[in-house]
Structure formats: structure tokens, C-alpha cells
Amino acid sequence: MCGIVGIVSTEHVNQQVYDSLLLLQHRGQDSTGIATLDGDFFHMVKAKGQVREAYRTRDMRQLSGNVGLGHVRYATRGDADREEEAQPFYVNAPYGIILVHNGNLTNTRELNAELYNVDRRHLNTHSDTELLLNVLAHELQAGMTGPQLDEDQVFSAVARLHERVEGSYASIALIAGYGLLAFRDPFGIRPLVLGRRDAANGKDEWIVASESLVLESGGYEIVRDVAPGEAIFIASDGTMTSRQCAANPQLNPCAFEYIYLARPDSVLSGISVYDTRLRLGETLAEQVEREITLGDIDVVMPIPESGRPSAMQLAHKLGIDYREGFFKNHYVGRTFIMPGQAVRKRSVRQKLNTMSVEFKGKNVLLVDDSIVRGTTSKEIIEMARAAGANSVTFASAAPPVLYPHVYGINMPTRAELIAHNRTNEEINAAMGSDRLLYQTVEGMNRAILSGQQAVTKLEESCFTGEYVAGNITPEYLAWVEATQQS
């Protein structure tokens, strides 16, 4: 999971890209980068850390040009501590290309061998984004028929990239002297939204971004989601063309986007994230009614922030008092996307503080968006008990996370997942709660897919073990576990 944005404007885009990345900060906080295209010349600034601390006035002055892109990184491949692996990445041939990517490639071993032995390209990092960029560069060069690049060559190169690359990838690239290219994997796993607005001179200005809230904040009209397998090419003068480049595209957006990753004020694939989280509370309430005597619960409390809509709706449906028992420090990042268990555990108590008056002597039902490693949940349960709770029931608005996620979420090993190979009773004991409830997969699907026809199937492999993009074997999962750290 990362956040990406690309803009084609009639004026300098540096401030627009910066403002967009601030809105996408929840998608990654390891590092950030901005690149702009000024005619035939690129300008690029990359740094570790969050957006507000990463860029200085001198950096912004350097980033001239009316076409640009930006990235916030949440490391799933490579080393989060290496600034060299921050995006964007650059190659100088053909033409000069800069690329950012949200997702995870799953055939990196094969691609590495092909790029070295066949394409004769050198990679300087372990990032799969550098892999993706070099595949695109090779296919563009292989399709050259003259000195000038045209749309047919661009779209043909993306089509050949789709044939070679497996996994999830929502990508934006700048091509020197030409403009901006955006494309999405044939399964549409990671989100990408297209927007347009009128410039003061009457010309079109365009934006592509990971979430719709970026478009709305910038005054853009949401045109549509970039379709699975589609490529969109926007010339520096604002001329936009698009083409379907995949043979058999299908839309399978990641369920975790709706549960936790995306901001609640975004709409992805026509589905409101906030409305989805309310419905997750409704379907979770059905589970509570089946498993618990309602008189045993005094109050429902959310784990802020992403658990709040589900908790509110659950309390409303069950007629139980809703209370805010935890106060969140907004100056601490999202613990789920922090690298390393030790950092996550330490950050929980920095991020949350209990209000004892809401806990003392009460039977509380805590509602969180999900339980992944159990680190945060266990700490929160201990905090609730220390604040005086009589009993603590913990409910997850998502089903049990049983399998590694290989499409762009940093949970690569089964051993780190608290629900893997454990019964509900064993998980409850490990977390220290009095009772534990999970959403069902059926309830999750009903909540996310309700009331629309565009999406019929989700990417939900971490709950079911079914990997929509295929070719995920036990051998591959063992290799991921041996080579990647959470």
C-alpha cells in the first residue's frame, strides 16, 4: 500500500502534488518523492519520512514544470530504511522515464532473471517498482518504429507489460518530452481514480490519484476509476487518450482498502468507504446478536479512527450506549504501517490514551476495523482493563486474517498473523480478552458489495487464501516468508 498522484496542469504543479501527498499520507509514512517534467527535463526530490517534514522551500523551487507525480511509501518490498529505495525511480532510456507504483509484483524472481539475462538491464535496488519501470522501458524501446513516440507505441508497450508482469500495480509514469502515463493491473487490485477540471485559460487539467478525496480537494470532477488493464496517456498540452491493454480484465478491488487502508471520505470503484464501514458495523451486529446476550454489554467503544463508523452503527443497531473511551494522539502515525513489531508495540500507547471514567466498572465491547498481528489489540485490551473495565469483549469488523497478503499489504508471513492456525478460543486467550468476535467473510462481502453492480468479486486472499491474480503457490509463499520481513 502506497499513495500515488499524477497531475497535468497549465501551470507549475509542485504545490498541487505536495498538497495531494498530504492527503495521501495515511497510505505510507516511510518516505516520499516528487518529480516534475519541464519540457524535456526532469526534476526530482526524494526523502525519508513524512511529507510535511521532507520538503524545503529550496526543494519546491527546484520542482518546476506543468506535469508531475508524487509518492508516499509504505514498504512491502525492499528496505524501508534505504533512501535509495524511495520512489520515484528513473531510467534515461528510451526518452527518459520516471515512475511511481502502488502494489506488489509477485513474479519478481522471473522478471529479475529476464531483465538481466535477456533485456540486459541492471537493477540497483530490491524494489519491485524499479523492476516495473525497467519492464516498461524495455517494452517501449522494443516497440519503437521511429524517432517520435506515439500513442499506439505507448499502449502496445503497456499491453506487453501486462503479459510479463504478475501481481498488483497501479502506476503513474512521466515520459520526457511527451507527458504522463497511468495504468492499472488487469485485476484492478489497487485503486486509481481519474479526474478533470477546467483551467483559467479554458484548457483541460487532469489528475490521477490513489483516492477520490484528492480530486475533490483539488476542485477536480471525478471522471471515473481507471479500469483494470487500462492505460491513460495525457500529453503535456492536456490531450487525453485511453485504451484497454489487457486481454481479459476483471475488477477485483482489495477488500482491505474498504476495511482499513483508504480514508473514509473516499469513493473507490463507485463504493463509498464510509458507507461500507457503517454496513460492516451492521453485519457485525448480527454476529454479536448470535453469540452474546446483549444485557451483558454496557457500552460499545471504537478503536479510533477506522473502527469508529462500524462501532457507531453496531451500537445503533443493537440499542447499546456508544461511548468514546480512547483518545487518539493525531501526531503519531498509523501503527499498522510502521516497520517492525517493536516500533508498532511502542507506538500503541503513544497513540492512544484511555479515559477511565468511561471504563470503570463497565462491561465494554471494543470494535476495531481488523485484527492482523494482534499486537495493537492486546495492548488496547490491557489498557482497558487498567482503566477499570469489568470485562472486555473485542470485536473485529473484518474476518480473521489467516493468510499472507502478497498484493501490497505488509503481512508476508503466516507466523505473524495471530489467527493463523489458531481457534477463536486460542486467539482470545492470546489477546487477553474475555470474549472475541469476528466478522464473517459473507458479512464482509455483503457490506462492501451492497447496492452496486460494478464490483462482483473482491480480492480477499488474506481471509480466504484464494489469490485472484493466480500463480501463488506454497513454494512462493515459503520464499516470501524466507526473504521478506514485516
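Attention in this report is confined to the structure presented alongside it. Predicted model only: the values in this text are computed from it and were never measured.

The next point concerns the overall build of the chain. The number of helices and strands found in the chain is 17 helices and 22 strands. Over its C-alpha atoms, taken along the principal directions, the chain stretches across nearly 75 × 50 × 40 Å. Across the 486 residues in the chain, those meeting the buried criterion constitute 61%. Within the chain, contacts between residues separated by at least 24 positions form 70% of all contacts whose residues are at least 6 apart in sequence. Each charge sign in the chain was given a centre, from 46 positive and 60 negative side chains, and these centres are 5 Å apart.

We now examine the pairing of strand β12 (residues 230-235). Two faces belong to every sheet, and in a regular strand the side chains alternate between them. For β12, the buried fraction is high: 6 of the 6 residues fall into the buried class. Relative to β12, strand β8 (residues 179-184) runs antiparallel, the two being bridged by 5 bridges. By the bridge assignment for β12, F183 is matched with A231. Examined bridge by bridge, β12 and strand β13 (residues 240-244) share 5 bridges and lie antiparallel to one another.

Right, let's get into the pairing of strand β10 (residues 204-209). Of all the 6 residues making up β10, 5 are buried; the element is thus mostly covered by neighbouring parts of the structure. Bridge analysis of strand β1 (residues 3-8) against β10 gives 4 bridges, and the strand direction is antiparallel. If you follow G6 over to β10, its bridge partner there is V208. Once strand β9 (residues 193-198) ends, the chain turns through 5 residues before running back antiparallel as β10, passing G202 with a positive phi of about 90°.

Time to look at the packing of helix α4 (residues 108-117) against helix α5 (residues 128-142). Following both chains from N to C, one finds α4 and α5 inclined at 50°, their axes separated by 11 Å at the closest point. Relative to α5, α4 is oriented oblique. As for how α4 packs across α5, the hand of that crossing is left-handed. Here T108, L111, N112 and L115 of α4 come into contact with α5, specifically with D128, L131, N134 and V135. Partitioned by chemical class, the residues of the contact of α4 with α5 number 4 nonpolar, 3 polar and 1 charged.

Glancing now at the packing of helix α9 (residues 273-291) against helix α15 (residues 441-449). Interhelical geometry of α9 versus α15 gives an angle of 150° and a closest axis separation of 8 Å. At the point where α9 passes α15, the crossing takes the right-handed sense. Residues T276, R279, L280, T283 and E286 of α9 form the contact with α15, whose own contacting residues are G443, M444, R446, A447 and I448. Along the lines of polarity and charge, the residues of the contact of α9 with α15 split into 4 nonpolar, 3 polar and 3 charged.

Bringing the environment of N421 into the picture now. For N421, the position within the fold is in the loop between β21 (391-396) and α14 (424-431). With relative accessibility at 72%, the residue N421 sits in the exposed group. Of note is the side chain of N421, whose polar atom sits 3.5 Å from the side chain of H420.

What follows covers the pattern of salt bridges. Side chains that differ in charge, positive against negative, can pair when their charged atoms come close. One pass over the structure, following the stated rule, counts 27 salt bridges. Between D265 and R263 there is a salt bridge; the shortest N-O distance is 2.6 Å. Here R446 ties to E286 by a salt bridge, and the two come within 3.1 Å at their closest N and O atoms. Taken together, the residues span a long stretch of sequence, with R446 in helix α15 and E286 in helix α9 at a distance of 160 residues.

A separate point is helix α1 (residues 14-23). A large share of α1 lies buried, amounting to 7 of its 10 residues. Residues of α1 that are buried include every one of N14, Q16, V17, Y18, S20, L21 and L23, and no others.

Omega for the bond connecting A93 with P94 falls within 30 degrees of zero, at -5°, which places this linkage in the cis form. Within the element layout of this structure, P94 appears in the loop between β5 (89-91) and β6 (97-105). At the junction of P304 and E305, the peptide bond is cis and its omega measures out at 5° in the coordinates. Residue position: E305 is located in the loop between β16 (299-302) and α10 (308-318). Of note in the backbone geometry, Y95 takes a positive phi value of approximately 70° without being a glycine. Looking at the secondary structure, you find Y95 in the loop between β5 and β6. Its identity is not glycine, yet N421 carries a phi of approximately 60°, on the positive side.

Here I232 is to be found in strand β12. For the pair formed by I232 and T10, sequence separation is 222 residues and the distance between their alpha carbons is 18 Å. In this structure I232 touches F155, L180, L181, A182, L194, R224, V226, M240, T241 and S242, once residues within four positions along its chain are discounted.

The subject of this paragraph is the packing of aromatic side chains. Taken as a whole, this structure holds 8 aromatic pairs when the rule is applied. Positioned above the aromatic ring of F89, the side-chain terminus of K46 is 5.0 Å from the ring centre. When the ring centre of W479 is taken as reference, the NZ or CZ atom of R109 above it lies at 4.6 Å.

One open sheet holds the 7 strands; their spatial order is β3-β2-β4-β1-β10-β9-β11, and the pairing between them is antiparallel. A single partner strand is all that each edge strand has here, and the edge strands are β3 (41-48) and β11 (221-225). The sheet shows a mean angle of 15° between the axes of neighbouring strands, direction not considered. Sheet topology places strand β2 (residues 31-38) next to β3; 8 bridges connect them, and they run antiparallel. Following the sheet pairing, A35 is matched in β3 by M44.

Definitions and limits used
- Residues numbered from 1 in each chain as written.
- Predicted model: local features only at pLDDT ≥ 70, side-chain atom pairs only at ≥ 80, totals over all residues.
- Heavy atoms only, no water.
- Helix = DSSP H or I, 4+ residues; strand = E, 2+ residues; numbered from the N terminus.
- Buried < 20%, exposed > 50% of the residue type's maximum accessible area, 1.4 Å probe, protein only.
- Contact = heavy atoms within 4.5 Å.
- Lys, Arg positive; Asp, Glu negative; His and termini not counted.
- Charge placed at Lys NZ, Arg CZ, Asp CG, Glu CD.
- Pairing = 2+ DSSP bridges.
- Axes fitted to C-alpha atoms, helices over the stretch in contact; angles between N-to-C directions.
- Parallel < 35°, antiparallel > 145°, perpendicular 65-115°, else oblique.
- Left-handed = near helix turned anticlockwise from the far one by under 90°.
- Nonpolar A, V, L, I, M, F, W, Y, C, P; charged D, E, K, R; others polar.
- Polar contact = N/O pair within 3.5 Å; in protein donor to acceptor, adjacent residues only side chain to side chain.
- Salt bridge = Lys/Arg side-chain N within 4 Å of Asp/Glu carboxyl O.
- Phe/Tyr/Trp six-rings, centres within 6.5 Å; stacked < 30°, edge-to-face > 60°.
- Lys NZ or Arg CZ within 6 Å of the ring centre and 35° of its normal.

Bear in mind that shape data such as this cannot, by itself, settle questions of function.
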